[in-house]
Amino acid sequence: MPFLFCYTNSYVIPPTLIRRFPPTVSRSASSLAMTFRPDVSHPYHPPRWAEGKLTNVPKHGRLHLANLPTPLHAIVSSAKRSLSQTERDGETIGILDRLNQLDIHLFIKRDDATGGAELGGNKVRKLEFLLAEALAKGCDSVVTIGGEQSNHCRATAAASRMVGLSPHLILRTHRAEAIRDKKDDIGWTGNILFDRMVGSTIYTCTPGEYGRLGSQTLVEGICNYLQRHETSPKNPYLIPVGGSNDVGSWGYINAVDELMNQLASIKSDNAAKSEEAFDFDHVVFATGSGGTATGIALGMSLAYGSLGDGHVAAEGRSAPKLHAVGVCDNPEYFYKTMTRLAQDMGLTLPSFAENDNNTTTSTAVEQFIRDSVTVHHGKGRGYAMSTDRELDFITQFSLETGIVLDPVYSGKALYHFVTDVLEKDPESYRGSNILFWHTGGALGMYEKGDDLLGRLEGMSSVKRIDAYGTKGDSDGSMVVFG
């Protein structure tokens, strides 16, 4: 009799996620293996609204690694505000208070809940397609690259082990020379702990080397090194930074379809209750390597019928305005990156936009991208570098909502949108429904521990219990029994 261990994290499990056995118990062992093995690829068919519009469909299917669909949470305002509150007109107000002043309703798509500590975040959606291709090609290892606290590298390492591939990670760090000379250690903090727990081989490079050579050259170099290894040559699969290529970006075409299905369910419930139709006016998300942003931008545009029939949930509705907040580089970089990825995914526009080879011109694709999404400059001090105000915002948001944002992506993105983009023209957002797409990364908070210490002491007290009532409480630091 099969045994199922169910681990939950305070979420109600939708019935559609529960895999039930049929009434008979005569299932074969091979059938059970097909159901539960993460290394089994399943055929992938694009959403109906994307058919014929994105023509380079992944050929090797998709693995089932993520816990999907992820929840869609309405954020309920709390009455208590106490940390890093914003001064306006002599009043202290919290983050949600400010949104309430504008009658803004905030919702969060919880892609931080895609796969527990190992796989959680947006990257596993891409890895379902990327690792399916790696297995189909007979690869035995994976090479990828990211920052020292890379969420992508952590998820790639764990997912690779789950499907029987050995992970090789290139981590960009200022400490590369010190680590090589044994004057420092790469450590066990945050994502690095998980990288090492699954036995990743870690290679380091400096930010300067990364900038001069480029991520692709570095990954190709390690792939070549592994292929020519004298004693045990490997057959590595190359995954670009962030998993952002024409294969991985399909993860967020799939994610948009998931969101649209959730909207269809809400729409059906509202109709049954004779309530007003519901839709989002704005969708906000972070972008770092461009793959998630490309998938969301293309997906939302096509699902809302920009090139023909869209999703049923979008019938009679205008597409929400999309806001991609760049946490590195500049908006022009992201427009160019998204244009390239859209072309690689086979975006097909009307015939007037085609060149002599009957392929859509890059100029037409770039204009389509610019019409679909606005990219905002939100990197602050730089990639993975936090300002005091960003950390204040992250801690305040967690106090008000119970949801932890990360300091590299989601925290920067929501901070910049709420405090800068929205405040430039607040009346234009009044009464709107705003969806923030949480892409995970909370493990990155561990690296910010020292910076957060003072804030945590102000919001979370620690008291000693005087269980026997013999010590007294002269300074308010104890709870006295008896």
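Rules behind the numbers
Residues numbered from 1 in each chain as written. Predicted model: local features only at pLDDT ≥ 70, side-chain atom pairs only at ≥ 80, totals over all residues. Heavy atoms only, no water. Helix = DSSP H or I, 4+ residues; strand = E, 2+ residues; numbered from the N terminus. Buried < 20%, exposed > 50% of the residue type's maximum accessible area, 1.4 Å probe, protein only. Contact = heavy atoms within 4.5 Å. 1 Å grid on protein atoms, 1.4 Å probe; cavity = no way out; pocket = protein on both sides within 12 Å on 5 of 7 lines; lining within 4 Å. Points joined across faces, edges and corners; volume = space filled by probe spheres on them. Nonpolar A, V, L, I, M, F, W, Y, C, P; charged D, E, K, R; others polar. Salt bridge = Lys/Arg side-chain N within 4 Å of Asp/Glu carboxyl O. Pairing = 2+ DSSP bridges. Axes fitted to C-alpha atoms, helices over the stretch in contact; angles between N-to-C directions. Patch = residues over 30% accessible without salt bridge, like charges linked within 9 Å, V, L, I, M, F, W, Y side chains within 5 Å. Areas by Shrake-Rupley, 256 points an atom, 1.4 Å probe, with all protein chains shown as cover. pLDDT = per-residue confidence, 0-100. Right-handed = clockwise from strand over helix to strand, strands pointing away. Polar contact = N/O pair within 3.5 Å; in protein donor to acceptor, adjacent residues only side chain to side chain.

Overview of the environment of Ile95
The topology assignment puts Ile95 in helix α2 (residues 95-101). A relative accessible area of 11% places Ile95 in the buried class. Separated by 305 residues in sequence, Ile95 and Glu400 place their C-alpha atoms 8.0 Å apart. Residue contacts for Ile95: discarding those within four places in its chain leaves Phe393, Gln396, Phe397, Glu400 and Val418.

Some points on the layout of surface pockets
One number sums up the size of the second largest pocket: a volume of about 610 Å³. The wall of the second largest pocket is formed by 26 residues, among which Tyr210, Val241, Gly288, Ser289 and Tyr333 lie closest to the centre. Those elements that place two or more of their residues in the lining of the second largest pocket are β5 (141-147), α5 (151-162), α9 (215-227) and α12 (331-344). Ranked by the residues each element gives to the lining of the second largest pocket, the list is headed by α12, at three residues. Tallied by class, the residues present in the lining of the second largest pocket amount to seven nonpolar, 14 polar and five charged.

Notes on unusual backbone geometry
Residues other than glycine predominantly adopt negative phi, and peptide bonds predominantly adopt the trans conformation. A cis amide bond links Leu68 with the next residue in sequence, Pro69, at an omega value of 0°. A positive phi is found at Asp103, a non-glycine position, where the angle reads about 55°.

A closer look at the pattern of salt bridges
Tallied over the full model, the rule gives 23 salt bridges. Asp184 serves as the salt-bridge partner of Arg175, at 2.9 Å between the closest nitrogen and oxygen. Within this structure, Lys109, Asp111, Arg125 and Glu258 form a network of salt bridges that share partners.

Some thoughts on the sheet that holds strand β10 (residues 321-326)
Spatially, β1-β4-β12-β9-β10-β11 is the arrangement adopted by the six strands of the open sheet, whose pairing is mixed. The outermost strands of the open sheet, each flanked by one partner alone, are β1 (72-74) and β11 (373-377). Across this sheet, the average inter-strand angle for adjacent strands is 25°, counted without regard to direction. Relative to β11, β10 runs parallel, the two sharing five bridges. Counterpart to Ala324 in the pairing with β11 is Val375. Here helix α10 (residues 250-272) sits on the sheet in contact with β1, β4 (105-110) and β12 (433-438), set at roughly 140° to β12.

What about the environment of Ala155?
Mapping Ala155 onto the fold places it in helix α5. For Ala155, a relative accessible area of 0% translates into the label buried. In sequence terms Ala155 and Asn191 are 36 residues apart; their C-alpha atoms lie 8.9 Å from each other. Excluding residues that lie within four positions of it along the chain, Ala155 makes contacts with Glu118, Leu119, Lys123 and Leu127.

Quick word on the sheet that holds β5
Reading across the sheet, the four strands line up as β7-β6-β5-β8 and stay open at both edges, with parallel pairing between neighbours. Two strands in the sheet have a free side with no partner beyond their single neighbour: β7 (201-205) and β8 (236-238). Between one strand and the next, the sheet's axes are offset by a mean angle of 25°, whatever the strand orientation. Relative to β8, β5 runs parallel, the two being bridged by three bridges. In the strand pairing of β8, Ser141 is matched with Pro236.

Some points on a nonpolar patch on the surface
A surface patch of nonpolar side chains, about 360 Å² in accessible area, is lined by Trp188, Leu193 and Met197. With respect to the element layout, Leu193 can be found in helix α7 (residues 191-197).

Quick word on the confidence of the model for the chain
Looking at the chain, the pLDDT average stands at 88 and 87% of residues meet or exceed 70. Overall, residues 1-34 carries pLDDT values under 50, and its contacts beyond four positions in sequence, including any with other chains, amount to 23 contacts.

Re the pairing of strand β9 (residues 282-287)
The element β9 is largely enclosed, with a buried count of six among its six residues. By the alternation rule, side chains of β9 split into His282, Val284 and Ala286 and Val283, Phe285 and Thr287, which are all buried. Judged from the six bridges that link them, β9 and β10 form a sheet pairing that is parallel. Looking at the pairing, Val283 lines up with Leu322 of β10. Taken together, β9, helix α11 (residues 291-303) and β10 form a β-α-β motif whose crossover is right-handed. Of the pairings in the sheet, the one linking β9 to β12 comprises three bridges and is parallel in character. Each residue of the ladder has a partner; that of Val284, found in β12, is Phe436.

Looking at the side chain of Ser141
Inspection of the secondary structure assignment puts Ser141 in strand β5. A distance of 3.0 Å separates polar atoms of two side chains, one belonging to Ser141 and the other to Asp140. When neighbours within four sequence positions are excluded, Ser141 is seen to be in contact with Leu165, Ser166, His168, Lys234, Asn235, Pro236 and Tyr237.

Observations regarding helix α13 (residues 362-372)
Listing the buried residues of α13 in full gives Ala364, Val365, Glu366, Phe368, Ile369 and Ser372. Among the structural elements, α11, β10, α12 and β11 are those in contact with the buried residues of α13.

A closer look at empty space enclosed by the protein
Counted by the stated rule, this structure contains five cavities of 30 Å³ or more. When its volume is computed, the largest cavity comes out at roughly 110 Å³. Lining the largest cavity are 15 residues, and of these Asn122, Lys123, Gly288, Thr292 and Tyr409 sit closest to its centre. The element best represented in the lining of the largest cavity is α11, accounting for three residues. Residues of the lining of the largest cavity, tallied by class, amount to three nonpolar, 10 polar and two charged.

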